Amino acid sequence: MKRAIGILFSVAVFFGAVFAFSPRAIPVFPETGLRVDTVLLLDAARAGKRLVAAGERGRIFLSDDEGATWRPAVSSSQSTLTTLYFLDARHGWAAGHDGVVLHSADGGAAWTQLYHAPDDERPLFAIRFDDLQRGTAAGAYGAYLESTDGGRSWAERKISGSDRHYNAMTVTASGVRLIAGESGTLLASVDGGANWKSLQSPYQGSFFGVISPGKMNLVVFGLRGNIYHSDDLGGQWSSAPSPTQASLMGGSILGSGAVVLAGQNGTILLSRDGGQAFTLHRDAGGAAFAAALPVANGDLLAFGERGVTRISGVAKP
């Protein structure tokens, strides 16, 4: 019972409401009639020139025209998906609730379920592959899983002394791996994930994301709009003045090197100095956003509780 309550609480914090990671009653459409604006989307990624977005009830959508139109992908999974990663234009993985891991070998058009562990009661929040065989996934209660067969099987390993939730994972241009999570959790590995060490955290609240805008630069962000940046791979951290108290859920690096963060209440933050200072952009609709990607013409696509929202001009250099 305590584990169940813990997961519900973590989910509530992670997206501001329980419905963010729990199945919600939505209109039932035939697969060919699914509309992207009826689905809560929790992550998005590029597969070459294609955009792929995923979210509740295992729904995955594709766009081949920079987000102008979307169509549903082929997938039989109904577990909510929280994270996407594409190694190249064809090979991608998705993970989420029930410990599910899916794989696509055709740029996200069709997905096969490789792994499913609902009895573990630990959703996965981050996944990454170094090549077609070696991958890592992380999630609730200190879940850290490794695969050497493309995601068909996974071995669990303890990488810290606590069981805090691991909410996000990235690899810098210099090859350093970072995990950010609950209660200020920051872990780093300089040897490909073989060994991990805890970094001194500047904040004891939850981090929901970590991105690397430069070879030595890191930006972590999370609860109540807290943002911190480091110029030495987490050796020292500085607080970035935040123009919002909305929790920040996802981020990405624009082609110009600018940093964009997305969060609750339609919040979009933009930094053009590597994450040291941010300006606030807010969608008039106020929808909660979990991820954001730049597209052509300087527009930004924000993914969240209303599917996909286009925000004009934000990503222009």
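Refer to the preceding data block for the structure.
If you're wondering where the values come from, they're calculated on a predicted model, not measured in any experiment.

**Q** Would you mind going over the overall build of the protein with me for this structure?
**A** The secondary structure content of the protein amounts to 1 helix and 27 strands. Scored against the burial criterion, the 317 residues of the protein give a buried share of 57%. Taking the contacts inside the protein whose residues are at least 6 apart along the sequence as the reference set, 39% of them involve residues at least 24 apart. When the accessible surface of the protein is totalled, it reaches about 13000 Å², and 50% of it is carbon and sulfur.

**Q** What should I look at first to understand the packing of aromatic side chains in this one?
**A** The description of an aromatic ring pair rests on the distance of the ring centres and on the angle between the ring planes. Tallied over the full model, the rule gives 8 aromatic pairs. When the ring of Y144 is compared with that of W196, the centres are 5.6 Å apart and the planes differ by 75°; the resulting orientation is edge-to-face. With Y144 in strand β11 (residues 144-147) and W196 in the loop between β15 (186-189) and β16 (197-198), this residue pair connects regions lying 52 residues apart in the sequence. By relative accessible area, W196 is classed as buried at 14%. Clustering of aromatic rings is evident, with ring pairs tying together W93, F129 and W154.

**Q** Can you walk me through the nonpolar core in this structure?
**A** Generally speaking, a soluble globular protein has its nonpolar side chains buried in company with each other. L178, L186, F207, V210, V220, Y228 and W237 are the most contacted members of the largest nonpolar core, which has 15 residues in total. Contributing elements (two or more residues each) for this core: β14 (177-181), β15, β17 (207-211) and β18 (218-222). Contacts of Y228, omitting those with residues within four sequence positions, involve P202, Y203, F207, L218, V219, V220, W237, S238, S239 and A240.

**Q** Hey, could you run me through the pairing of strand β19 (residues 227-230) in this one?
**A** In the case of a regular strand, side chains alternate between the two sheet surfaces. Taking every second residue as pointing to the same face, both faces of β19 are buried, with I227 and H229 on one and Y228 and S230 on the other. The sheet contact formed by β18 and β19 spans 4 bridges and is antiparallel. If you follow L218 over to β19, its bridge partner there is S230. The turn joining β18 and β19, which pair antiparallel and follow one another in sequence, is formed by 4 residues; a positive phi near 55° is taken by R224. Pairing of β19 with strand β20 (residues 238-239) involves 2 bridges; the strand directions are antiparallel. Following the sheet pairing, Y228 is matched in β20 by S239.

**Q** Any chance you could explain the pattern of salt bridges here in plain terms?
**A** Pairing of side chains with opposite charge becomes possible as their charged atoms draw close. According to the stated counting rule, one finds 10 salt bridges in the structure shown. For the salt bridge of R46 with E66, the shortest nitrogen-to-oxygen distance reads 2.9 Å. Taken together, the positions of R46 in strand β1 (residues 41-47) and E66 in the loop between β3 (60-63) and β4 (71-72) put the pair 20 residues apart, joining distant regions of the chain. Judged by its relative accessible area of 31%, R46 is partly exposed. When its relative accessible area of 22% is taken as the criterion, E66 is described as partly exposed. D299 is the partner of R310 in a salt bridge, and the nearest nitrogen-oxygen pair spans 3.2 Å. Of this pair, R310 sits in strand β27 (residues 307-311) while D299 sits in the loop between β25 (289-294) and β26 (300-304), placing them 11 residues apart in sequence.

**Q** Help me out: how do you make sense of unusual backbone geometry in this one?
**A** Apart from glycine, the bulk of residues carry a negative phi angle, and the bulk of peptide bonds sit in the trans form. Phi is positive for L233, which is not a glycine, with a value near 60°. Of note, L233 is situated in the loop between β19 and β20. Of note in this structure, N265 is not a glycine but carries a positive phi near 55°. Among the secondary structure elements, N265 is positioned in the loop between β22 (259-263) and β23 (267-271). Judged by relative accessible area, N265 falls into the partly exposed class, the value being 46%.

**Q** Any chance you could explain the environment of G263 here in plain terms?
**A** Looking at where G263 falls in the secondary structure, it is placed in strand β22. Along the chain, G263 and A302 lie 39 residues apart, while their C-alpha atoms are 9.4 Å from each other.

**Q** What is the right way to read the sheet that holds strand β7 (residues 101-104) from this model?
**A** Within a beta sheet, neighbouring strands are joined by backbone hydrogen bonds and run either parallel or antiparallel to one another. Spatial ordering of the open sheet is given by β5-β6-β7-β8, a layout of 4 strands whose pairing is antiparallel. Every interior strand has two partners, whereas the edge strands, β5 (81-86) and β8 (112-115), have only one. The average angle at which neighbouring strand axes cross in this sheet is 25°, direction not considered. Relative to β8, β7 runs antiparallel, the two being bridged by 3 bridges. Paired with V101 across the two strands is Y115, which belongs to β8.

**Q** Before we go on, may I ask you to explain the pairing of strand β13 (residues 166-171) in this structure?
**A** Among the 6 residues of β13, 5 are classified as buried, and the element is accordingly described as predominantly covered. Of the strand pairs in this sheet, β13 and β14 are connected by 5 bridges, and their pairing is antiparallel. Among the inter-strand pairings, Y166 is bridged to a residue of β14, identified as G181. Count of turn residues in the β13/β14 antiparallel hairpin: 5 residues, of which G175 carries a positive phi of about 90°.

About the cut-offs
- Residues numbered from 1 in each chain as written.
- Predicted model: local features only at pLDDT ≥ 70, side-chain atom pairs only at ≥ 80, totals over all residues.
- Heavy atoms only, no water.
- Helix = DSSP H or I, 4+ residues; strand = E, 2+ residues; numbered from the N terminus.
- Buried < 20%, exposed > 50% of the residue type's maximum accessible area, 1.4 Å probe, protein only.
- Contact = heavy atoms within 4.5 Å.
- Areas by Shrake-Rupley, 256 points an atom, 1.4 Å probe, with all protein chains shown as cover.
- Phe/Tyr/Trp six-rings, centres within 6.5 Å; stacked < 30°, edge-to-face > 60°.
- Core = buried A, V, L, I, M, F, W, Y, C linked by side-chain atoms within 4.5 Å.
- Pairing = 2+ DSSP bridges.
- Salt bridge = Lys/Arg side-chain N within 4 Å of Asp/Glu carboxyl O.
- Axes fitted to C-alpha atoms, helices over the stretch in contact; angles between N-to-C directions.

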